[in-house]
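Descriptive structure summary
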Amino acid sequence: MADPGIPEFFEGRDVLVTGATGFMGKVLVEKLLRCCPGVRTIYILVRAKRGVAPNARLEAFSKIALFEPLLKQNPKALQKVVPLEGQVNAVNMGLSEKDQQLIVDTVSVVFHLAASLDWRSSLKRAVTDNTVGTRNVMDFCSRIRNLTALAYTSTAFCQCEEDVLEERTYKPRVDPEIVLELCEKLDEEALQAMTPGLLGRHPNCYTFTKALSEAIVADYGSKMPICIIRPGIVVPALKDPFPGWVDSLNGPMGVLVASGKGVLRSMMCNEKYAAEVIPVDICINLIIAAVHKRFQQPKIMSDMPVYNACTGTQDRTTWREVLQLGHKKLIKYPFEWAIWYPDGNIRTNWYTHTLIVFFFQTLPAYFIDFIFLCLFMERFMVRVQSKINSGNELLAFFTMREWKFPNDNGWSLWKGLNPRDQETFFINNVLPVDKDAYLDSCVFGARTYCMKEPVSSLKACRRRIKVQYVVHRACVALFYMWCVYIAVRVLSWLAGDSVKGLMAESVDDRLSL
């Protein structure tokens, strides 16, 4: 008997999704509703946030552009989505007794995407949200009666110590149970002192706790049918449900917007290195295909299936390509309220980078805040620059290094699909990507969906950016002329002192005679 396709696999199933209100989570829910119409119920774990109840957060889905094509086709589609109040960092995911029993009795597929992406998190916070949260999910899911597949979404950068990240699980340098015990018993001050030693080569607590979480998931592989997916840097949709959709400013999209607004002039980045990015729709298709594949495999496997969701060598894109194309698109789709012409650059020399940041980011920020102070307006530019500089320092670890991510397992998933599903759940068949068209949709998407800037303002923004270009070039020319002037004055002063010194020596010699 042939294996059913993906829509048939989800026919009549109840699914649980954690992290459904995040960037990837929303795309996953939309894809399941649109392309697997037979799915019975999608339970999403949602916590109250800033006074907004879980039901209200679900209602907000209907107002998001991502769901517009789906709701035009099926206005009642979101009725299949049921919010359950809870959070992963609580025992039993914080679910009520009734909801616990509901999940245990009915759910057969689990997508665990919930995680804290804050690179600045303290060790205790990151461990609580990511590692403890993952252990709680695994503990709870081990109780599910008819669990068919569980997909855990990690990150391609969870093993920063490795130059080549193979598609397999790794034993962490530090035992996760020891770290959990330390976080439970020690206060913040003591943990902060221990953090550098625990992190090792990890740049932040996020990647460290993701590595610990993978180890915990691997331990549960002897009890449940689990697979691990490691996405690279997730960026806007390539084409599904439409090109360019994004609602997150994490990573490259934050850099793009800051550049477009004219507040980012320089960042540390090696232009020759690969930008390990993957469009969110391709990543979600791979996750769904991985669950379908896990259903076809034995329930318990000696080697847990691991998939690197990265473009790898199939469609290598360098940071230089991203910069060049991105700059063109920022001119084509200029942002509102941009304070300067977007002409930033990437550098590998720390001293040059620091000088550029000081003269073209920090000093202008203080100058603008001074004007706001004189006008009795709220000052914010120095604060914005502080956040940008902090973010750039964290991002530099990834843009100044290069890893290799073999992805044979990930790409082989597509080959195992039937022809219909290969088109619906596209993965490597859409590569190589038309980079020019894709960057076009990315910048337009960031402007439209992240910054909420209407298309109607483009005409005025394009007029403004032409003026800014002239002002920018004039200011750059004046800056370098000033630098030359200072250099000439310094050299003249040094030369003058040398001449005076020689004359004084000559006079002294004559007097001595």
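Residues numbered from 1 in each chain as written. Predicted model: local features only at pLDDT ≥ 70, side-chain atom pairs only at ≥ 80, totals over all residues. Heavy atoms only, no water.

1. A short note on the pairing of strand β1 (residues 14-18)
- Along β1, 5 of the 5 residues are buried, which leaves the element largely enclosed by surrounding structure.
- Crossover β1 to strand β2 (residues 41-46) through helix α2 (residues 23-35) is right-handed. (Buried < 20%, exposed > 50% of the residue type's maximum accessible area, 1.4 Å probe, protein only. Helix = DSSP H or I, 4+ residues; strand = E, 2+ residues; numbered from the N terminus. Right-handed = clockwise from strand over helix to strand, strands pointing away.)

2. Focus: the nonpolar core
- Formed by 107 residues in total, the largest nonpolar core has its most connected members in F10, L32, I44, F67, F111, I229 and W245.
- Here W245 is in contact with F23, K26, V27, I64, A65, L66, P236, A237 and Y449, once residues within four sequence places are set aside.
- One finds V132, V179, L180 and L191 within the second-largest nonpolar core, a separate group that totals 43 residues. (Core = buried A, V, L, I, M, F, W, Y, C linked by side-chain atoms within 4.5 Å. Contact = heavy atoms within 4.5 Å.)

3. Digging into unusual backbone geometry
- For the bond running from D240 to P241, omega is 0 degrees, close enough to zero to count as cis.
- Relative to the helices and strands, P241 is located in the loop between β7 (233-235) and α10 (252-260).
- P432 follows L431 through a cis peptide bond whose omega is -5 degrees.
- By secondary structure assignment, the location of P432 is in the loop between α16 (419-424) and α17 (435-450).
- Here F376, not a glycine, exhibits a phi torsion of approximately 60 degrees, which is positive.
- Within the secondary structure layout, F376 lies in the loop between α13 (350-374) and α14 (381-399).

4. With respect to the sheet that holds strand β6 (residues 226-231)
- The strand order β3-β2-β1-β4-β5-β6-β10 describes an open sheet built from 7 strands, whose pairing is parallel. The strands lining the two open edges of the sheet, one partner per strand, are β3 (81-85) and β10 (306-309). When strand polarity is set aside, the average angle formed by the axes of neighbouring strands in this sheet is 20 degrees.
- Note: β6 against β10, 4 bridges, orientation parallel. For I229, the partnering residue across the bridge sits in β10 and is Y307.
- Contacts between α2 and the sheet are confined to β1, β2, β3, β4 (107-112), β5 (149-153) and β6, with β2 contributing the most and set at about 165 degrees to the helix. (Pairing = 2+ DSSP bridges. Axes fitted to C-alpha atoms, helices over the stretch in contact; angles between N-to-C directions.)

On their own, these measurements won't tell you what the molecule is for.
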